[in-house]
Amino acid sequence: MNYCILGEKVLTKGDNPLDPPQFCRALLVISGTKIAQVFRIPTDGQSVLKILEDLCFPQLYYFEEEYLIPGLIDINVKFNGDWEGCASTTQKALEAGVTTVAYEENSFGFKEDLATKFTDVCQIKPVYEPKDVAKAVADGAVAVKAYNLPQSSSSKATDLEEVLQELKDTNLGLVVDCSITSERFLQTVLPHRVGGFGAEPPLNSVFVTAIDKSSAGSSDSEPNSPLEQKDIFALCEAEKQSYRFQESSFVNYFKKSTFEGPALKRLELLRPPKISTETPKLDETLYSSYLLNCPSSWELRGAKLTVQKLKGSKLKVLFANISCPETIELVKGLKLLTQTCPHYLLLEDSEVPSGDSRFKTFPPIRSRENRLRLLKQLGKTEIVSSHHNPVPGCYKTQEFRKSLEGISSVGVGFQKLWTHLVKEWGWEEGLRIAVEKMSTAPAKFIGLDSLKGSIAKGKHADITVINPNRHSEGWGIYKGHKLLGSVSKVFLRGELVLDRQATLARGKLITKG
């Protein structure tokens, strides 16, 4: 497969490797799956004809108005089996110009079918104890992920100190989810507590009793004596041992139950200031009810807890899903990497309709003031990625507290971010900044920068073509938002896999080593 691509607006570097990439006229020589040569050429036609004559390649793609950028890389994606698995997620990603997806194992125990892939895929492996690191290396993971909080009743929080020791002998980056270990967090964000496909209960009486004791007398967003990680894990085990079946008290995926559980009835949630404390029932269709019970101080507290454990570590560490500017200030002061998401940068609580729990995610979408301050920190934030965690509509009820957290957002965030950046930086510089944070920096973090993340000699011919004259509209939580440009073509490892006529599933599984 040998051909050439000539573009008037190709994002590529010049002779000085220290200079940032710029848009220029360039001729790309594609040989097989890779870019064999990049010629930055003057505007006269004779130069192009001379090069093409020497190459003797029969096929040429010419793009006069379109922008050519490296394929986008999303390193914050979950596939959720039959709900929205590998095939449907990667197809959505490809249609938005994403050519590589780094996915994390889902929380529900599904065995993902990776047979059909529209993008290249690679895995970020959750680790909870030292032996998990060796398994991640053996499985070819491109990074590992640590949690401050159990993700289900069949897992525990990461033993970070011991995991760090094991990671020293690898070249894997560490992604940190610094969600705080708070009983109110478990109550507000994870109302279901599942460890398998509809097989595990929520918090049982053992857990609720412990929560009631630790929360006694607490009237603000910070419980007086929060549970420690080891206590949470012990309670998870006690929960599994002592559980007795009650259909109304656990999530039954097949019968679509109502998410009610003992803990939901026993632990009092905070009320918005405008609602009287005498009100018998909190209006859970209001987004403010959910937001009030997820204070930003939790994120900062979780980050501080994690930073203490990382002292002296020289590993490549990325703090993920940051929604608050204070967290970025803390982390950047220690020269660690940060990642945020388009919905934290570009959406705010006033835009969330009552009863529309499609917007429920954690950390939550916060206030306008928080969003604007987070945007000011964008220059200090290395990576922006989707936090795509799809949940079927039947588990998104009108009540935020009873709904599963997670949003479907793969791909759409890039155009939304570019649309915003254009206002301050202009078309080309805004696009360059978006590409840096959603392609170049992610490739470097997961160790694939020798193959992906820029248009350069020797790299995969992953190229996204953007038509600036055809605008589009967002979907999902961005429905109704006008977006600049549209993706007209995508090349994946040299093959044209997306144009207006067809979308081809040509993705491969990429492993380290």
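As the structure is a computational prediction, the values presented were derived from the model and not from experiment.

### Quick notes on the packing of aromatic side chains
Alright, step 1. As enumerated under the stated definition, the model contains ten aromatic pairs in all.
Alright, step 2. Centroid distance Tyr3 to Tyr61: 5.5 Å. Interplanar angle 75 degrees. Geometry classified as edge-to-face. Residue Tyr3 is found in strand β1 (residues 2-12), and its partner Tyr61 is found in strand β4 (residues 60-63); the two are separated by 58 residues along the sequence. The same class applies to Tyr3 and to Tyr61, which are both buried.
Alright, step 3. Ring geometry for Tyr287 and Phe400: centres 5.4 Å apart, planes at 70 degrees, overall edge-to-face.

### Observations concerning unusual backbone geometry
Alright, step 1. In this chain, Phe362 is followed by Pro363 through a cis amide linkage whose omega measures -5 degrees.
Alright, step 2. Residue position: Pro363 is located in the loop between α12 (342-346) and α13 (368-376).
Alright, step 3. Backbone geometry at Lys335 places phi at a positive 60 degrees, although glycine is not the residue there.
Alright, step 4. Tracing the sequence through the fold places Lys335 in the loop between α11 (325-332) and β12 (337-340).
Alright, step 5. The exposed category is assigned to Lys335, whose relative accessible area is 78%.
Alright, step 6. In this model, Arg493 sits at a positive phi of 45 degrees, which is unusual for a non-glycine residue.
Alright, step 7. With respect to the helices, strands and loops of the structure, Arg493 is situated in the loop between β17 (486-492) and β18 (495-498).
Alright, step 8. Residue class for Arg493 comes out buried when judged on its relative accessible area of 11%.

### Details of the pairing of strand β7 (residues 98-104)
Alright, step 1. Most of β7 sits out of view: seven of its seven residues are buried.
Alright, step 2. Judged from the five bridges that link them, strand β6 (residues 72-78) and β7 form a sheet pairing that is parallel. Residue pairing in the sheet places Ile73 in a bridge with Thr100 of β7.

### Notes on the packing of helix α4 (residues 160-167) against helix α10 (residues 296-310)
Alright, step 1. Interhelical geometry of α4 versus α10 gives an angle of 45 degrees and a closest axis separation of 9 Å. With respect to their mutual orientation, α4 and α10 come out oblique. Helix-helix and strand crossings are classified by hand; for α4 and α10 the assignment is right-handed. Between α4 and α10, the contacting residues are Leu160, Glu161 and Leu164 on the first element and Thr306, Lys309 and Leu310 on the second.
Alright, step 2. Considered class by class, the residues forming the contact of α4 with α10 number three nonpolar, one polar and two charged.

### With respect to the layout of surface pockets
One way to see where empty space is left: roll a probe the size of a water molecule over the atoms.
Alright, step 1. Considering only enclosed or pocket space, the largest pocket measures out at about 710 Å³ in volume.
Alright, step 2. Every residue lining the largest pocket is counted, 30 residues in all, and those nearest its centre are Lys13, Glu436, Thr440, Ser454 and Lys459.
Alright, step 3. Only β1, β3 (34-40) and α15 (427-445) provide two or more residues apiece to the lining of the largest pocket.
Alright, step 4. Classifying every residue of the lining of the largest pocket by side-chain character gives 13 nonpolar, five polar and twelve charged.

### Comments concerning the pattern of salt bridges
Alright, step 1. This model, assessed by the stated rule, comprises 19 salt bridges.
Alright, step 2. A salt bridge links Glu8 to Arg25, with the nearest nitrogen and oxygen atoms 3.1 Å apart. Of the two residues, Glu8 is situated in strand β1 and Arg25 in strand β2 (residues 22-31); the sequence distance between them amounts to 17 residues.
Alright, step 3. Linked by salt bridges that have partners in common, Asp120, Lys452, Asp462 and Arg493 make up one network.

### Some details on the side chain of His388
Alright, step 1. If you trace the backbone, His388 turns up in the loop between β13 (383-384) and α14 (412-425).
Alright, step 2. His388 sits in the buried class, given a relative accessible area of 1%.
Alright, step 3. Side-chain polar atoms of His388 contact the backbone nitrogen of Val410, separated by 3.2 Å.
Alright, step 4. Not counting residues within four places of it along the chain, the set of residues in contact with His388 comprises Asn76, Val77, Lys78, Glu84, Thr89, Ile407, Ser408, Ser409 and Val410.

### Description of the environment of Tyr290
Alright, step 1. Considering the arrangement of structural elements, one finds Tyr290 in helix α9 (residues 287-292).
Alright, step 2. Separated by 70 residues in the primary sequence, Tyr290 and Lys360 place their C-alpha atoms 8.5 Å from one another.

### With respect to the packing of α14 against α15
Each packed pair of helices is defined by two parameters, the angle between the axes and the distance between the axes.
Alright, step 1. Packing of α14 against α15 leaves a shortest axis separation of 8 Å and a crossing angle of 140 degrees. Classified by the angle between their axes, α14 and α15 sit oblique to one another. In this structure, the crossing between α14 and α15 has a hand that is right-handed. Facing α14, whose interface residues are Gly413, Phe414, Leu417, Trp418, Leu421, Val422 and Trp425, α15 presents Trp427, Glu429, Gly430, Leu431, Ile433, Ala434, Val435 and Met438.
Alright, step 2. Class assignment of the residues belonging to the contact of α14 with α15 gives a composition of twelve nonpolar, two polar and one charged.

### Some points on the side chain of Lys145
Alright, step 1. By secondary structure assignment, the location of Lys145 is in strand β9 (residues 143-147).
Alright, step 2. Of the residues examined, Lys145 reaches a relative accessible area of 6% and is grouped as buried.

### A few points about α13
Alright, step 1. When α13 is considered as a whole, its buried residues turn out to be Asn370, Arg371, Leu374 and Leu375. For α13, the angular spread of the buried residues around the axis is 135 degrees, confining them to a single face.
Alright, step 2. The inward-facing, buried residues of α13 abut α11, β12, α12 and α14.

### Observations concerning the pairing of β4
Alright, step 1. Of the two faces of β4, the one holding Tyr61 and Phe63 is buried and the one holding Leu60 and Tyr62 is not buried anywhere.
Alright, step 2. For β1 and β4, the ladder comprises four bridges, and the chain directions are parallel. Across the sheet, residue Leu6 finds its bridge partner in β4, namely Tyr62.

About the thresholds
Residues numbered from 1 in each chain as written. Predicted model: local features only at pLDDT ≥ 70, side-chain atom pairs only at ≥ 80, totals over all residues. Heavy atoms only, no water. Phe/Tyr/Trp six-rings, centres within 6.5 Å; stacked < 30°, edge-to-face > 60°. Helix = DSSP H or I, 4+ residues; strand = E, 2+ residues; numbered from the N terminus. Buried < 20%, exposed > 50% of the residue type's maximum accessible area, 1.4 Å probe, protein only. Pairing = 2+ DSSP bridges. Axes fitted to C-alpha atoms, helices over the stretch in contact; angles between N-to-C directions. Parallel < 35°, antiparallel > 145°, perpendicular 65-115°, else oblique. Left-handed = near helix turned anticlockwise from the far one by under 90°. Contact = heavy atoms within 4.5 Å. Nonpolar A, V, L, I, M, F, W, Y, C, P; charged D, E, K, R; others polar. 1 Å grid on protein atoms, 1.4 Å probe; cavity = no way out; pocket = protein on both sides within 12 Å on 5 of 7 lines; lining within 4 Å. Points joined across faces, edges and corners; volume = space filled by probe spheres on them. Salt bridge = Lys/Arg side-chain N within 4 Å of Asp/Glu carboxyl O. Polar contact = N/O pair within 3.5 Å; in protein donor to acceptor, adjacent residues only side chain to side chain. Arc of directions from axis to C-beta.

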